[in-house]
Amino acid sequence: MTLFEAILLTVITASTPLLIAAIGELVVERSGVLNLGVEGMMIMGAAVGIAAAITTGSSAFGVLAAVLAGMAMAALFALLTLGLATNQVAVGLALAIFGLGLSGVVGAPFVGVQREGIGAIAIPYLSDIPFIGPVLFAQDPFVYAAFALVAGVSWFLFRTRAGLVLRACGENHASAHALGHHVLRVRFLAVLFGGACAGLAGAYLSLVYTPFWTSGMTAGRGWIALAIVVFASWLPWRAAVGAYLFGGVTILQLHAQSAGVPLPTQLLAAMPYLITILVLVLVMRLRGGGAGPAALGQPFVPDR
Amino acid sequence: MTTPLLDAPLLDATGLVKRFGALLANDHVDLRVMPGEAHALLGENGAGKSTLVKMLYGLLQPEAGHIAWEGRPIHLPEPRAARALGIGMVFQHFSLFDNLTVAENVALALDAAEPVPRIAARLAEVSRAYGLPLEPAREVWRLSVGERQRIEIVRCLMQDPRLLILDEPTSVLTPQEAEGLFATLDRIRAEGRAVLYISHKLEEVRRLCETATILRHGRVVARTDPRTETAASLARMMVGSEVAALRHAAAPPEGPVRLSVRGLSVAPDDPHGVGLKDISLDLRRGEVLGIAGVAGNGQEALFAALSGEVLAPRAEQIILDGAAVGRADINARRRKGAAFVPEERLGHAAAPRLTLSDNALVSGHAASGMVRHGLLDRGRMLGWVDAVTRAFDVRKGPRDPEARALSGGNLQKFVVGREVLRKPGLLVVSQPTWGVDAGAAGLIRQALLDLARAGSAVLVISQDLDELLEMADRIAVLFHGTLSPAEPVAGLTREAIGLRMGGAA
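Residues numbered from 1 in each chain as written. Chains lettered and ligands numbered in written order. Predicted model: local features only at pLDDT ≥ 70, side-chain atom pairs only at ≥ 80, totals over all residues. Heavy atoms only, no water.

Under an unreviewed UniProt entry, the name given to chain B is Simple sugar transport system ATP-binding protein, and the source organism is Roseococcus suduntuyensis.

Looking at an unreviewed UniProt entry, chain A carries the name Simple sugar transport system permease protein, with the source organism given as Roseococcus suduntuyensis.

### Some details on empty space enclosed by the protein
Basically, it comes down to this: Cavity means a closed set of points on a 1 Å grid over the protein atoms alone, one where a 1.4 Å probe fits but cannot get out, pocket means an open set with protein on both sides within 12 Å along at least 5 of 7 lines, and lining means a residue has an atom within 4 Å of a point. Grid points are joined across faces, edges and corners, and a volume is the space filled by probe spheres set on the points. Helix and strand definitions follow DSSP, with helices as H or I runs of at least four residues and strands as E runs of at least two, each counted in order from the N terminus. Classification used: nonpolar for Ala, Val, Leu, Ile, Met, Phe, Trp, Tyr, Cys and Pro, charged for Asp, Glu, Lys and Arg, polar for all others including Gly.
With the rule as written, the count across this model stands at three cavities of 30 Å³ or more. Lining the largest cavity are Leu179 of chain A together with Tyr57, Met89, Phe91, Ser95, Ala109, Glu152, Arg155, Cys156 and Gln159 of chain B. Ranked by the residues each element gives to the lining of the largest cavity, the list is headed by helix α5 (residues 145-157) of chain B, at three residues. Grouping the amino acids of the lining of the largest cavity by side-chain chemistry returns six nonpolar, two polar and two charged. What the second largest cavity holds in volume is close to 40 Å³. Looking at the second largest cavity, the residues that line it are Leu259, Leu306, Ile318, Leu320, Val325, Arg333, Ala338, Phe340, Leu426 and Val428 of chain B.

### So, the packing of helix α11 (residues 236-258) of chain A against helix α12 (residues 265-287) of chain A
Residues and elements named next belong to chain A. Quick reminder of the rule: As a rule, the C-alpha atoms of each element are fitted with a line to give its axis, helices using only the stretch in contact, and angles between N-to-C directions run from 0 to 180 degrees. With respect to orientation, any angle under 35 degrees is reported as roughly parallel, any angle over 145 as roughly antiparallel, any angle of 65 to 115 as roughly perpendicular, and every other angle as oblique. Put simply, a crossing is left-handed when the front helix is turned counterclockwise from the back one by less than a right angle, and right-handed when it is turned clockwise.
Orientation of α11 relative to α12, taken along the N-to-C sense of each, is 155 degrees, at an axis distance of 9 Å. The angle between α11 and α12 places the two elements in the roughly antiparallel class. α11 and α12 meet at a crossing whose hand is right-handed. Looking at the contact of α11 with α12, its residues break down into 14 nonpolar, six polar and two charged.

### Side note on the sheet that holds strand β5 (residues 72-74) of chain B
All names here are of chain B. Using the following cut-off: Strands are labelled as partners when DSSP assigns at least two bridges between them. The contact definition used throughout considers only heavy atoms, calling two residues in contact when any of these lie within 4.5 Å.
The four strands lie next to each other as β2-β1-β4-β5, forming an open sheet whose pairing is antiparallel. Every interior strand has two partners, whereas the edge strands, β2 (23-33) and β5, have only one. Averaged over neighbouring strand pairs, the angle between their axes works out to 30 degrees when direction is ignored. Of the strands in this sheet, β1 (11-20), β2 and β4 (64-69) touch helix α1 (residues 49-56), which is tilted by about 120 degrees from β1.

### With respect to the UniProt feature "transmembrane region" (unreviewed entry) in chain A
Residues and elements named next belong to chain A. Counted only if it meets this: UniProt positions are given in the numbering used here, feature names are shortened, and annotations may be inferred rather than shown by experiment.
Annotation from UniProt places "transmembrane region" (unreviewed entry) at residues 6-28, 33-54, 60-82, 89-111, 142-158, 188-210, 222-246 and 266-284. Between the C-alpha atoms that bound residues 142-158 the distance is 24 Å, and the span itself is 100% helix and 0% strand. Split by type, residues 222-246 is 84% helix and 0% strand. Its first and last C-alpha atoms lie 13 Å apart.

### Quick look at helix α9 (residues 299-307) of chain B
Turn by turn, an α-helix covers 3.6 residues, leaving residues three or four places apart pointing in a common direction. Residue and element names in this part refer to chain B. We count it as follows: Each residue gets one of three labels from its accessible area relative to the maximum for its type: buried under 20%, exposed over 50%, partly exposed in between, using a 1.4 Å probe on protein chains only.
Counting buried positions over the nine residues of α9 gives eight, a clear majority of the element. Along α9, the residues classified as buried are Gln299, Ala301, Leu302, Phe303, Ala304, Ala305, Leu306 and Ser307. Backbone geometry just downstream of α9 places Gly308 in the positive-phi region, at approximately 95 degrees.

### Details of the domain arrangement of chain B
All names here are of chain B. Rule in force here: Domain delimitation follows an automatic or database domain assignment. The term buried area denotes the loss of accessible surface (1.4 Å probe radius) that occurs when two parts are joined, taken as the sum for both partners.
Here chain B is partitioned into domain 1 (11-239) and domain 2 (252-330 + 458-505). Inter-centroid distance (C-alpha atoms) of domain 1 to domain 2 is 34 Å. Taken together, the eight residues of domain 1 in the interface contact twelve residues of domain 2. Buried surface at the junction of domain 1 and domain 2, both sides included, amounts to about 730 Å², of which 64% is carbon and sulfur.

### Section: the interface of chain A and chain B
Put simply, the rule reads: Here, a salt bridge means any side-chain nitrogen of Lys or Arg that lies within 4 Å of a carboxyl oxygen of Asp or Glu. We define a polar contact as two N or O atoms separated by no more than 3.5 Å, with the added condition that, inside protein, one atom must be a possible hydrogen donor and the other a possible acceptor, whereas residues neighbouring each other in sequence contribute only through side-chain atom pairs.
Counting from both sides, the interface comprises 17 residues of chain A and, opposite them, 27 residues of chain B. Buried area between chain A and chain B, summed over both chains or domains, comes out near 1800 Å², and the portion from carbon and sulfur atoms is 55%. Counting every contact that joins chain A to chain B gives one salt bridge. Put simply, Glu104 of chain B and Arg167 of chain A hold a salt bridge, and the shortest N to O gap is 3.0 Å. Across the contact surface, chain A and chain B share eight residue pairs in polar contact (both at pLDDT 80 or more). Those elements that place two or more of their residues in the side of chain A that touches chain B are α7 (161-171) and α8 (173-178) of chain A. Top element by residues in the side of chain A that touches chain B is α7 of chain A. It accounts for six residues. Partitioning the side of chain A that touches chain B into residue classes produces six nonpolar, six polar and five charged.

Put into structure tokens, the structure is as follows:
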């Protein structure tokens, strides 16, 4: 394996959790709900995922538990913002802080416990292709899942009636309700999906990326995922571009730092943020988009 | 499907009751629509018309009463159930999605899952058959109000309804667009579909419908054939008393110009909005100038530019009593004797959670002496509320309630009265009687007219052409951000104004 291939592999592993979390939040926001608690759901996924994996000895069970943990956090958010129509920004921020705290408690018994990470799955024959093979077809299952998610969500949103209804709820909930669509039910399911994705992204961190638990190990990735959704103009493929750009520049600047590039390390550390925002803003300018779902963040109370 | 007997009602609702908190919106309402009939539902704002049809469409659940469809009792838990029976509805405030395409908007209202391209093809077919041209792939925000209404109607027709409910369909149309709608409705009726037509425009109802049910305060007060009634007799039934005609003092001799606008252009504030293009107008002392136009043709930009909420590019583009104020903010303009009443009464003209006295201060602090040495003069503020209450018959519970506690009509009387009582030299008012009952509307129009005749200059921006024809001395038409020259009302016809509202002249 060449150095270049090795760098590409680390780029993919750095980008995957961002992409999974961003796709989930993208669906949530398309339905008109702003859940700022991605960071909290993600870290709960990481903590519960590794706790379950160590306790049961099964990585698959760990992943399942992480997804359920993310969904449980999302259900709490949905109960408050959809059921009781409270302020989504406030509850989302609270969820992020709550998740960071609670994950510390859940993960405390497992600090420093090392375990084998989930390995790569080499796709027969395809992975033997020189260069492309090991980079694209010898990855861990999460990488494949991330791209399946992007393609699936894109197809769902723009090619299915259910996706159309979901987008309609995000554009104008009063009209969607007047046509007889169940706005709150659609939004609840979208929020749950977002929670599941955030939990899955968390599981990736604690089961694959760094296969042990340290508190606060999401390190702000939930917030990056939120930003990617906005700068990607709520389009799934653009979110993939944003996530990979961010992951890519993160790894490259680390290599640049170790190679002794004569730039302040603080500037290099800021590069992923600067470049991702710059590129996605340019894409927005050139290709349009950027307005966002019109009813984003607005509570809906049907009059019955 | 069996052929219904000619004398069996298509829809028969009896004793419907709906309550919102303390308000009894529908009090044992009966409504009977015969097959193929054009049935009018008449009533003032707040009479309970919309509540009634929402129950018939499954959007609201009645607390008591029964609905029968072709003689069979039915229960409508949601709009889907109503659509399945053959009840279609065209909403007053369109239930469209601006960022979605026409075809997607139609797909959302159909209950069977159908691929959007197939819907687009069917849509083209239906819209051709009914003479309602529509482009399936266009986004809704690019369309005119008339085209948007076509989407609503076409998507109802695609469900092959037996009963089509239209909630105030002409309130946003030009007279010519309304004529087009009537022709479509005639065609729909010729196919044997019944139409339930909600309106408070009496001439339309007399032209279109053969039966009318009239609601007042949530009760049915009359059932009649509108063709045998006069507009005045229908109005009497709706309001419950005689509607006073506006008292016109003689038009004043031509006074000096108080407001002069020259070559004013303003860019739209958002990509979907309409700005102003090279607007010029003169407004004289003693006159009422009406600005007609369909909503969304630059009314908001014009109000913002005249009030100073958005500054003009150059100061001399707006001249108030000889002073160039184009670059002056709203308070500077108020100090020069101008006053402004925006369209949206709750949220723009008045802060919902502030008391009336605080709201009086919000617009009057610059010019009404309510602030002295930086301190609020509570007594004077309350006095102002009392004065407005007396002069404009504002009905409220406590002396100084929050603005949101007032009904629409009473709050509108308050926000107009708050400015009129200051005796401003110039009053700019947008949609002064939108959604206000006939009594309050008459009072507000009379106050504006009296203010002008006492020496002020009054500019009224309104979508209600009847209102402008009734009170304005001259009328100009706003279309796509350009303003036609103002002409005396005496020489204008509805048709001439209507053509300009549609951009045809």
